[in-house]
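Working through the structure, step by step
Listed below are the residues making up each chain.
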Amino acid sequence: MNPRSTFPILRSLCAALALSGIARAADATPAPWWDAAWTGRAKLTLDTSSAAAGLTEPAGTATVLVRLGEGFKFDLSPDGADLRFVSADGKTVYPHQIESYDSTLYEAFVWVKLPEVKPSAQETFYVYYGNAAPVAEAAKPGDAFDGDFSLVYHFAEASAAPVDSTANGNNSETVAGTSGQALIGNALRLLGAGSVVIPAKPSLAWQAGQAFTFSAWVKPTALQPGAVLASRGEGAASFRLLLDKGIPIIEIGGSRSQPGAPVTAAMWTHLAVVADGKTVKLLVDGAPYAELTGALPALDTTILIGGLASGASADGTVPFVGEIDELTLSKTARSTAWIKLAAINQGSTDAAQRTISLSEAEDGEGGGEHSGGVMEHLSLFGDIANNMMFDGWIAIGVCAIMIVVGWTVAVKKFIYLNSIEKGTKVFISQWKSLSTDLTALNTEDKSSVSSLGGSVDESDQALIEKSPLFHIYQIGADEIRHRLDKDNTRVQGLSGRSIQAIRASLDAGLVHESHRLSDGLVYLTISIAGGPYVGLLGTVVGVMITFAIIAKSGEVNVNSIAPGIASALLATVVGLVVAIPALFIYSYLNGRIKNTLALMQVFIDEFVAKMAEFYRPPTGSEPDSTSSGSSH
């Protein structure tokens, strides 16, 4: 039998993978380099699909927040002066504004104005860096915000009056305190002693019924009654945005919007108010929250942020206590998609990370040489697979089986551990209340024990039943119930021997749960220990056969040796590909299992302690160690 005709399916699969990799590399044509004076760039992807921002309507022109972290080459751009944000085709430079740039902490917040944000799409653009003496002029910082912005406060100033980041120059008159490391850099900190006063200027004047948008992030220290976030005017001609016990409310001339769900104290929440001349809408975290019929009054007075005018507290309102960040005012009614993009992009959720993601850096003009190198490497793997001998395919086949089995176990174990952790969280939250009175287990109804005394609904009970802590709890509850069945009055309690017996049952349950948690991990250990050895066996046999063929043919040259050696080494590579991921996965899973077992042991100790406390035998029914010692 010809060795090269053996295992045709595996050989065809490797060749197909190599060809598909070559095709993908060929399709990934690098974008044209914008300017050769910039030595590096990284691709940014704006994702508005359901997997990230989830926009279903166009947001139009929008200024988005770009976070640069440890993946960015701060050493090539020490002060950020050479940053340029350029379209994917290399033709358009987008205006940007740097809010903060720290090359020591590897953190930067940059605002970039994009000409059009489309719904359910992925748009790419590039950040260029690495020019010690930039020759191309950067746009003015105020150009990063469109002409419809009246005011933008980043609160990046430390213990100074907030400065308007637009070209309007609507700076505050008030020196304000700030807090570092807030949602986006610094944030305004209000302690309830005053307000930030924004002077009246023509660019901030309101005409009756004009369009308007207020947007800000707020973090209340506590849920105060009648806390004022922003106010302007008094009496019938007034506008106020309140947080009444955490409930966002719009108030125009005494008319208030309907209350909804409160925000969470000590958590950042995005609030937006949009007036279109007919209605005033309130959006919370990008979603519609409340609506008030009416229009803005004509006002050209000062604007107060987080405080009250003198004598304005007669209605029970109080200054806001907490933090405010990224406050903007616009003289247009921003769309719901625009508000939602701001709320998600500027937030700290996983969706925010997916909305704008930073790819790996590229060096040189477009990285064309890198692309060719990838294609060459992939094509070489195809050639190596074509020269694989019979013995090598056997080793690779065994490794492939280990990969399939090991990853199947890993995926199932990931799903299982995630499900029990969710159930454990719900159970622990219920256990905190149940553990204050363990006598709630005194019931003949087993379903009541399963539902923790009836305090858990069906959906949470389905989660709880997956938790190993709940299984231990059921064992303890059943053991207590069995021992108290003969005691109709439930006054005899549990003896010390009964408590020891129940603890033994709980420890046995711990052992069973430990076996269940560790079930299947042996396949990962087999992959870790066996993968390299199987690959090495294929390599050794392949090298041996190669030299035997050379000795038999008498041809000693590089062209006759190299293909066989390269094909033999491929078996070792595959063996390492099996073992290395399996090692990391096993370590991660084993760590989670150890944490779960430790939590179970702590729970058993707590359960036994509570059981001894709530089911004590009547005084004198069982002598303690002290009395026994004195009697002798």
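Residues numbered from 1 in each chain as written. Predicted model: local features only at pLDDT ≥ 70, side-chain atom pairs only at ≥ 80, totals over all residues. Heavy atoms only, no water.

When helices and strands are counted, the protein shows twelve helices and 23 strands. Here the protein holds 632 residues, and 43% of them are scored as buried. Taking contacts inside the protein between residues at least 6 apart in sequence as the whole, the part at least 24 apart equals 74%. Looking at the protein as shown, the accessible area adds up to about 30,600 Å², and 58% of this sits on carbon and sulfur atoms. (Helix = DSSP H or I, 4+ residues; strand = E, 2+ residues; numbered from the N terminus. Buried < 20%, exposed > 50% of the residue type's maximum accessible area, 1.4 Å probe, protein only. Contact = heavy atoms within 4.5 Å. Areas by Shrake-Rupley, 256 points an atom, 1.4 Å probe, with all protein chains shown as cover.)

Further remarks concern unusual backbone geometry. Phi at phenylalanine 155 takes a positive value of approximately 60°, unusual for a residue other than glycine. Counting through the fold element by element, phenylalanine 155 comes out in the loop between strand 8 (149–153) and strand 9 (177–179). In this structure, lysine 245 is a non-glycine residue whose phi angle is positive, near 55°. Tracing the sequence through the fold places lysine 245 in the loop between strand 14 (237–244) and strand 15 (247–252).

Bringing the side chain of serine 467 into the picture now. Tracing the backbone shows serine 467 in the loop between helix 7 (458–464) and helix 8 (468–484). Residue classification places serine 467 among the buried residues on the basis of a relative accessible area of 0%. Beyond its immediate stretch of four places on either side in the chain, serine 467 contacts Ile420, Gly423 and Thr424.

All right, on to the pattern of salt bridges then. Close approach of charged atoms lets side chains of opposite charge pair. Enumeration over the complete set of coordinates arrives at nine salt bridges. The partner of arginine 334 in a salt bridge is aspartate 146, with the nearest N and O atoms 3.1 Å apart. You can see arginine 334 sitting in the loop between strand 22 (321–330) and helix 2 (336–345) and its partner aspartate 146 sitting in the loop between strand 7 (122–129) and strand 8, a full 188 residues away along the chain. Judged on exposure class, the residue arginine 334 and its partner aspartate 146 are both buried. (Salt bridge = Lys/Arg side-chain N within 4 Å of Asp/Glu carboxyl O.)

Once that is clear, we can look at the packing of aromatic side chains. Taken as a whole, this structure holds 22 aromatic pairs when the rule is applied. With centroids separated by 4.7 Å and ring planes inclined at 55°, the aromatic side chains of tryptophan 206 and phenylalanine 212 adopt a geometry described as tilted. Put simply, the rings of Trp33, Trp34, Trp38, Tyr126 and Tyr128 pair up and form one aromatic cluster. The ring of tryptophan 206 has arginine 232 lying over it, and the distance from NZ or CZ to the ring centre is 4.8 Å. When the ring centre of tryptophan 338 is taken as reference, the NZ or CZ atom of arginine 334 above it lies at 4.4 Å. (Phe/Tyr/Trp six-rings, centres within 6.5 Å; stacked < 30°, edge-to-face > 60°. Lys NZ or Arg CZ within 6 Å of the ring centre and 35° of its normal.)

Here three strands make up an open sheet; going across it, the order is 2-6-5 and the pairing antiparallel. The open sheet has two edge strands with one neighbour each: strand 2 (60–68) and strand 5 (96–102). Taking the axes of each pair of neighbouring strands and ignoring which way they run, one obtains an average angle of 20° across the sheet. Looking at chain direction, strand 2 and strand 6 (residues 107–117) are connected through eight bridges and run antiparallel. Opposite leucine 65, over in strand 6, you have tryptophan 111 as the bridge partner. (Pairing = 2+ DSSP bridges. Axes fitted to C-alpha atoms, helices over the stretch in contact; angles between N-to-C directions.)

As a further point, take the pairing of strand 1 (residues 40–47). By the criterion of burial, strand 1 is predominantly enclosed, with seven of the eight residues buried. Across eight bridges, the pairing between strand 1 and strand 7 is antiparallel. Bridge pairing in strand 7 links alanine 42 to valine 127.

The strand order 4-3-7-1-23 describes an open sheet built from five strands, whose pairing is antiparallel. The open sheet has two free edges, formed respectively by strand 4 (93–94) and strand 23 (356–363), since each of these has just one partner strand.

What follows deals with the nonpolar core. In this structure, Leu83, Phe85 and Val112 are the most contacted members of the largest nonpolar core, which totals 45 residues. Examining the composition of this core, we find that seven residues originate from one element, strand 6, more than from any other. Membership of the second largest hydrophobic core comes to 39 residues, among which are Phe239, Ile250, Ile252 and Leu292. (Core = buried A, V, L, I, M, F, W, Y, C linked by side-chain atoms within 4.5 Å.)

Time to look at a nonpolar patch on the surface. Residues Ile401, Val405, Val522, Tyr523 and Ile526 make up a contiguous nonpolar surface patch of roughly 450 Å² in combined accessible area. Mapped onto the nonpolar patch, the elements with two or more residues apiece are helix 5 (390–434) and helix 10 (521–553). Take the nonpolar patch: its biggest share by element is three residues, from helix 10. Summarising the element assignment, isoleucine 526 is placed in helix 10. Residue classification places isoleucine 526 among the partly exposed residues on the basis of a relative accessible area of 43%. (Patch = residues over 30% accessible without salt bridge, like charges linked within 9 Å, V, L, I, M, F, W, Y side chains within 5 Å.)

With that settled, the discussion passes to the side chain of serine 172. With respect to the helices and strands, the residue serine 172 is situated in the loop between strand 8 and strand 9. Reaching out from serine 172, the side chain makes a polar contact with the backbone nitrogen of threonine 174 at a distance of 3.0 Å. Apart from the residues lying within four places of it in its own chain, the contact partners of serine 172 are Tyr153, Ala161, Pro162, Val196, Val197 and Pro199. (Polar contact = N/O pair within 3.5 Å; in protein donor to acceptor, adjacent residues only side chain to side chain.)

Right, let's talk about the environment of methionine 611 for a bit. Checked against the element boundaries, methionine 611 lands in helix 11 (residues 558–614). The class for methionine 611 is buried, based on a relative accessible area of 0%. It is 7.7 Å that separates the C-alpha atoms of methionine 611 and isoleucine 499, two residues lying 112 residues apart in sequence.

Once that is clear, we can look at the environment of phenylalanine 212. Among the secondary structure elements, phenylalanine 212 is positioned in strand 12 (residues 212–220). Note on phenylalanine 212: relative accessible area 2%, which makes it buried. As a C-alpha pair, phenylalanine 212 and leucine 296 span 84 residues in sequence and 8.3 Å in three-dimensional space. Not counting the four nearest positions on each side in its chain, phenylalanine 212 is found in contact with Trp206, Val273, Val274, Ala275, Leu296, Leu329, Ser330, Thr332 and Ala333.

Turning next to the environment of valine 411. Along the chain, the position of valine 411 falls in helix 5. Along the primary structure valine 411 and isoleucine 585 are separated by 174 residues, whereas in three dimensions their C-alpha atoms are 9.9 Å apart.

Within helix 2, eight of the ten residues are buried, which leaves the element mostly enclosed by the surrounding structure. All of the buried residues in helix 2 are Ala337, Trp338, Ile339, Leu341, Ala342, Ala343, Ile344 and Asn345.

With nine of its ten residues buried, strand 22 lies for the most part within the structure. Bridge count for strand 10 (residues 187–191) against strand 22 is four bridges, and the pairing is antiparallel. Residue pairing in the sheet places leucine 191 in a bridge with valine 321 of strand 22. Sheet topology places strand 12 next to strand 22; seven bridges connect them, and they run antiparallel. Paired with proline 220 across the two strands is glycine 322, which belongs to strand 22.

Right, let's talk about helix 9 (residues 496–518) for a bit. Given a rise of 1.5 Å per residue, 23 residues ought to cover 33 Å, and the 33 Å separating the end C-alpha atoms of helix 9 matches this to within 8%. Along helix 9, the positions that sit buried rather than exposed are Ser498, Ile499, Ile502, Leu506, Gly509, Leu510, Glu513 and Leu517. At the C-terminal side of helix 9, glycine 520 shows a positive phi close to 95°. (Expected span 1.5 Å × (residues − 1).)

Functional significance is not addressed by these values, which are geometric in nature.
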